[in-house]
Amino acid sequence: QAGLPPDAAIGWATVKAAAARGVWEVGAAMLNDLESAGVPLTPHHFECVLRACDRKARWQEALALLGRMQAASLRPTSAALECALRACSKADQQEMVEAVWEVLRAEVANPSAPLRPPMRTYDT
């Protein structure tokens, strides 16, 4: 991201690269390092690590990341929620799929700031 200090820019690049390779552990560790360095984390930082969790069906880690976002008062993107949905689905965690689906539905229906649903998510 343009305008970030060098350490933050390197961290952002590392998080993105980890997501692309599905190396969720590296991405999660970099989130911790960035936070410890005082870099403000954004929903997009978490979204990248959630993508890595999706690729490896790491549903528990995906849910922990969503919880961490909530604790930091960060609203998840629709893509982040979609990644968590897929991670839970790949791991055959139907109850968790339903729980994340309800979060997504509530965010989409939020009257003050509706979240745009991901293009591949359908209300059935």
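Residues numbered from 1 in each chain as written. Predicted model: local features only at pLDDT ≥ 70, side-chain atom pairs only at ≥ 80, totals over all residues. Heavy atoms only, no water.

Caption draft 1: Molecular detail of the overall build of the protein. Looking only at helices and strands, the protein has six helices and zero strands in total. Among the 124 residues that make up the protein, the fraction classed as buried is 41%. Summarising the internal contacts of the protein: among those between residues at least 6 apart in sequence, 58% fall at separations of at least 24. On the protein, roughly 7,200 Å² of surface is accessible, and the fraction owed to carbon and sulfur atoms is 55%. (Helix = DSSP H or I, 4+ residues; strand = E, 2+ residues; numbered from the N terminus. Buried < 20%, exposed > 50% of the residue type's maximum accessible area, 1.4 Å probe, protein only. Contact = heavy atoms within 4.5 Å. Areas by Shrake-Rupley, 256 points an atom, 1.4 Å probe, with all protein chains shown as cover.)

Caption draft 2: Spatial organisation of the nonpolar core. Formed by 35 residues in total, the largest nonpolar core has its most connected members in Val15, Leu31, Phe46, Leu50, Leu65 and Leu66. Elements that contribute at least two residues to this core include exactly α1 (6–21), α2 (24–36), α3 (43–55), α4 (59–71), α5 (78–90) and α6 (94–108). Looking at this core element by element, the count peaks at seven residues for α5. Excluding its chain neighbours within four sequence positions, the residues that come into contact with Leu31 are Val15, Leu41, His45, Phe46, Val49, Leu65 and Arg68. (Core = buried A, V, L, I, M, F, W, Y, C linked by side-chain atoms within 4.5 Å.)

Caption draft 3: Fine view of the packing of α5 against α6. For the pair α5 and α6, the least separation of the axes is 8 Å and the interaxial angle reads 165°. On the basis of the axis angle, α5 is roughly antiparallel to α6. The handedness of the crossing between α5 and α6 is left-handed. Contacts between α5 and α6 involve Ser78, Leu81, Ala84, Leu85, Cys88 and Ser89 from the former and Met96, Val97, Val100, Trp101, Val103, Leu104 and Glu107 from the latter. Residue composition of the contact of α5 with α6, grouped by class: ten nonpolar, two polar and one charged. (Axes fitted to C-alpha atoms, helices over the stretch in contact; angles between N-to-C directions. Parallel < 35°, antiparallel > 145°, perpendicular 65-115°, else oblique. Left-handed = near helix turned anticlockwise from the far one by under 90°. Nonpolar A, V, L, I, M, F, W, Y, C, P; charged D, E, K, R; others polar.)

Caption draft 4: Representation of the pattern of salt bridges in the model. One pass over the full model with this rule turns up seven salt bridges. Notably, a salt bridge pairs Arg86 with Asp54, separated by 2.6 Å at the nearest N-O pair. Highlighted residues: Arg86 in helix α5 and Asp54 in helix α3, separated in sequence by 32 residues. On the basis of relative accessible area, Arg86 is assigned to the partly exposed category, the value being 29%. Overall, the relative accessible area of 5% leaves Asp54 in the buried class. As a salt-bridge pair, Glu107 and Arg75 come within 2.4 Å of each other at their nearest N and O atoms. Taken together, the residues span a long stretch of sequence, with Glu107 in helix α6 and Arg75 in the loop between α4 and α5 at a distance of 32 residues. With relative accessibility at 18%, the residue Glu107 sits in the buried group. (Salt bridge = Lys/Arg side-chain N within 4 Å of Asp/Glu carboxyl O.)

Caption draft 5: Spotlight on the environment of Glu61. Along the chain, Glu61 turns up in helix α4. Counting along the chain gives 37 residues from Glu61 to Trp24, while the straight-line C-alpha distance between them is 8.5 Å. When residues no more than four places from it in sequence are discounted, the contact partners of Glu61 are Trp24 and Cys53.

Caption draft 6: Spatial organisation of the confidence of the model for the protein. With 89% of its residues at a pLDDT of 70 or more, the protein has an overall mean of 86. Per-element confidence in the protein ranges from a low mean pLDDT of 80 for α1 to a high of 95 for α4. (pLDDT = per-residue confidence, 0-100.)

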